[in-house]
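Descriptive analysis of the structure
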Amino acid sequence: MADADTSRLCTEIVRTVFGPLTATVASVLLTHGRLGLSQLLRYSKLKPRTVRAAILILVQHNLLWHAQSEDEGEVFEMNIDECLMRLRYGRYVWLSEQLYGKWGAEIVQLVLDHGKLRPPDIIAQLSIYDPVKAPTVLRQTLHKLVEETYLKPSTVLSHLSPRDRLIRYEAEEKRKIPGFPTAKELREAKEVAEARLKREEEEAEQVGMKRKAKDHFHKASKRKAVEDSVEVDDEIYFRVNCERFNVHVRNKLIENTTRERFNECAGAVVRAALKATESKQRKLSDVRSDPTSFANVAMHLPDDVDLAAGLVLHSSKKLPSMTLIKEYLGILASADNPTPAGRAASFVSLSGSKVQVEFEIIAKRLQRRVLEAVARERHGDEGVRIIRLLLDTGMMDEKQISKIGMMAPKDVRPLLSAMSAESLVSLQEVPKSADRNPTRMFYLWFVDLQKASAVQLRNLYKSLYNIAARREAEQEEPNLKAVLEKRQRSDVSQDEERLLTRNERELLAQWEKKRDKLTVLEMRVEEAVFILRDLGTFKINDE
């Protein structure tokens, strides 16, 4: 069961795409948690036929998990993460076009529109206008998308909640333990259950490809040889693998962060290091990239990049490209500062002639930057100073914060109270005696990063919902709505200059300007959501 802000956002997403009836069913599931069909009918107050149709739609688009409960039979539960991913579908289509051209974007767009499809259905729908050449190109592009896991098979396990499966596997492991289990045995049972779940997911992803036998005749001996090759299984339904596309979103974010921190050339070097191992990057949970050589990084650098322009060189003669790359990688690895602080500020790590991009370190730094941005916006520079002080030092009482942070005690207390109300800082009570008398306690302030990130994530969901509501309210304005409906006419869309008045064109221009501003704002908020939620697998430590 999701919180109120997340539920409103998911309901708005479903309503925008699938309409109000399906949104009603989704809202009931988000508000009440998992429910059976009878309960869903009672709470939604819709006809059984309508509810069943809504359930089919949500299951088809991977937004609904269903499980078999011993008490209630079959129950349904909303897949919140998959619902929120729909905000990035436009970016996924754009990435597909950048990677595999027009046909790649068409395939991904079609699969996103239908939730899941079989390869023959994909090829049949996209080859209508060119039935001769298109099927061959489409089959080749589809093979690349499946091989690189941009499309993954939709199996029975993918429609079951991973949490349910993990609980069931863990219970099975606990039943194998004789007598009363110890803490170590319980921990081992949980680890075995998690390994089993991970193994099943990896095996399920291999279902989409099958081997076929091709016959070849040797020219000299004319003997028949059988060679195994891999092709896409036409009987499997495929869906978009959001995590694979999120890897590209993360890499672009790292590149932009490097460019902001240093310069364009440093960003190009990081982009080349990421490109060198991009085919092996399948999960956002990777701590760092695979090792790659300096020569491999140099191969992925564009020819038009002038690396010397980003460095202050004391020599007037032109240095080799490999020397400049080593200089940049040394800067990015903070080689001149071999301390914990230097490592925390690094982007890559060097090991001999190999380089690795440090995803975990960069993710922690980005999450910290989001929290500091929130503190600066709401509490000014003093709030950021307290956040950084507590993150770097650990638990401190009010007097220590005032002294080390060089702030007046009368200003610190109300600021800490305001930040505590927003969960940016938390309070820890340390009793001096066993009676836990409030007058004999130490009150230490610290930053609970998991709690702070969760609260800010809910605030960001609220902002996303408000942006969508504002966009809809602007569209429903009577004058604008009439002009938008008029522009949708076929004769007007072909000649807007002549068939629309000047006032109508000005009104449309104002609306498009507002829409662009809301879209930019939505992208910025979604980037912060990506940092806190998708990169949140790495918890920021306060060492």
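Okay, so let's go over this structure. (Residues numbered from 1 in each chain as written. Predicted model: local features only at pLDDT ≥ 70, side-chain atom pairs only at ≥ 80, totals over all residues. Heavy atoms only, no water.)

Tallying secondary structure elements over the chain gives 23 helices and 12 strands in all. With the C-alpha coordinates of the chain rotated into their principal frame, the extents come out at 85 × 80 × 75 Å. Counting every position in the chain, which comprises 543 residues, the buried fraction comes to 42%. Counting every atom, the chain has about 30,800 Å² of accessible surface; 52% of that belongs to carbon and sulfur. Taking the average location of the 89 positive side-chain charges in the chain and that of its 82 negative ones, the two points are 1 Å from each other. (Helix = DSSP H or I, 4+ residues; strand = E, 2+ residues; numbered from the N terminus. Buried < 20%, exposed > 50% of the residue type's maximum accessible area, 1.4 Å probe, protein only. Areas by Shrake-Rupley, 256 points an atom, 1.4 Å probe, with all protein chains shown as cover. Lys, Arg positive; Asp, Glu negative; His and termini not counted. Charge placed at Lys NZ, Arg CZ, Asp CG, Glu CD.)

Taking strand neighbours across the sheet as the criterion, the 3 strands line up as 8-10-9 in an open arrangement whose pairing is antiparallel. Edge strands, defined here as strands with exactly one partner in the open sheet, are strand 8 (292-293) and strand 9 (348-351). In this structure, strand 8 lies alongside strand 10 (residues 354-357), joined through 2 bridges in antiparallel fashion. By the bridge assignment for strand 10, T292 is matched with V355. (Pairing = 2+ DSSP bridges.)

On to helix 1 (residues 4-18), then. Taking 1.5 Å per residue as the helical rise, helix 1 with its 15 residues ought to reach 21 Å, and the 21 Å between its terminal C-alpha atoms agrees with that figure. Burial in helix 1 covers these residues: D5, T6, S7, L9, C10, T11, E12, I13, V14 and F18. Two to three positions downstream of the cap, the backbone nitrogen of D5 sits 3.2 Å from a side-chain oxygen, assigning the N-cap of helix 1 to D3. Once helix 1 ends, the next one or two residues include G19, with phi positive near 100°. (Expected span 1.5 Å × (residues − 1). Polar contact = N/O pair within 3.5 Å; in protein donor to acceptor, adjacent residues only side chain to side chain.)

Attention now goes to the environment of A273. Along the polypeptide, A273 turns up in helix 12 (residues 264-276). Setting aside residues no more than four positions away along its own chain, A273 makes contact with T292, V297 and V357. (Contact = heavy atoms within 4.5 Å.)

Tracing the sequence through the fold places D397 in the loop between helix 16 (359-393) and helix 17 (398-404). D397 has contacts with Y443, L444 and W445, leaving out every residue within four places of it along the chain.

Time to look at helix 7 (residues 119-126). Listed in full, the buried residues belonging to helix 7 are P119, I122, I123 and L126. All buried residues of helix 7 fall inside an arc of 90° around its axis, so they share one side. (Arc of directions from axis to C-beta.)

Time to look at the packing of helix 6 (residues 89-114) against helix 11 (residues 242-261). Two elements in contact, helix 6 and helix 11, have axes separated by 10 Å at closest approach and are oriented at 100°. Taken together, the axes of helix 6 and helix 11 lie roughly perpendicular to each other. Note on element contacts: helix 11 touches helix 6 through C242, F245, N246, H248 and V249, opposite Y89, R91, Y92, L95, S96, L99 and V108. Class assignment of the residues belonging to the contact of helix 6 with helix 11 gives a composition of 8 nonpolar, 3 polar and 1 charged. (Axes fitted to C-alpha atoms, helices over the stretch in contact; angles between N-to-C directions. Parallel < 35°, antiparallel > 145°, perpendicular 65-115°, else oblique. Nonpolar A, V, L, I, M, F, W, Y, C, P; charged D, E, K, R; others polar.)

On to the pattern of salt bridges. Enumeration according to the criterion identifies 46 salt bridges in this entry. E474 is the partner of K514 in a salt bridge, and the nearest nitrogen-oxygen pair spans 3.5 Å. Taken together, the residues span a long stretch of sequence, with K514 in helix 23 (residues 502-534) and E474 in helix 19 (residues 449-475) at a distance of 40 residues. Among the residues examined, E474 registers a relative accessible area of 16% and is labelled buried. Three or more residues are tied together by salt bridges with common partners; here these are K252, E255, R259, E264 and R271. (Salt bridge = Lys/Arg side-chain N within 4 Å of Asp/Glu carboxyl O.)

Glancing now at the nonpolar core. Among the nonpolar cores identified, the biggest contains 100 residues, and I107 and L151 are the most heavily contacted of them. Among the nonpolar cores identified, the runner-up in size contains 22 residues, and L371, V412, M419 and L424 belong to it. (Core = buried A, V, L, I, M, F, W, Y, C linked by side-chain atoms within 4.5 Å.)

One pass over the structure, following the stated rule, counts 5 aromatic pairs. Consider the rings of Y100 and Y150, whose centres lie 5.7 Å apart with planes at 75°: the pair is edge-to-face. Pair noted here: Y100 is in helix 6 and Y150 is in the loop between helix 8 (134-147) and strand 4 (151-153), with a separation of 50 residues, a long-range link. Y100 gets classed as partly exposed once you look at its relative accessible area, which sits at 22%. In this structure Y150 comes out as buried when scored by relative accessible area, which is 4%. For the ring pair F262 and F347, a centre distance of 5.9 Å and an interplane angle of 65° mean the geometry is edge-to-face. Placement of the pair is F262 in the loop between helix 11 and helix 12 and F347 in the loop between helix 15 (340-344) and strand 9, with a sequence separation of 85 residues. Residue classification places F262 among the partly exposed residues on the basis of a relative accessible area of 30%. The residue whose ring lies beneath K432 is F442, and the NZ or CZ to ring-centre distance is 4.8 Å. (Phe/Tyr/Trp six-rings, centres within 6.5 Å; stacked < 30°, edge-to-face > 60°. Lys NZ or Arg CZ within 6 Å of the ring centre and 35° of its normal.)

All we've got here are geometric facts, nothing functional implied.
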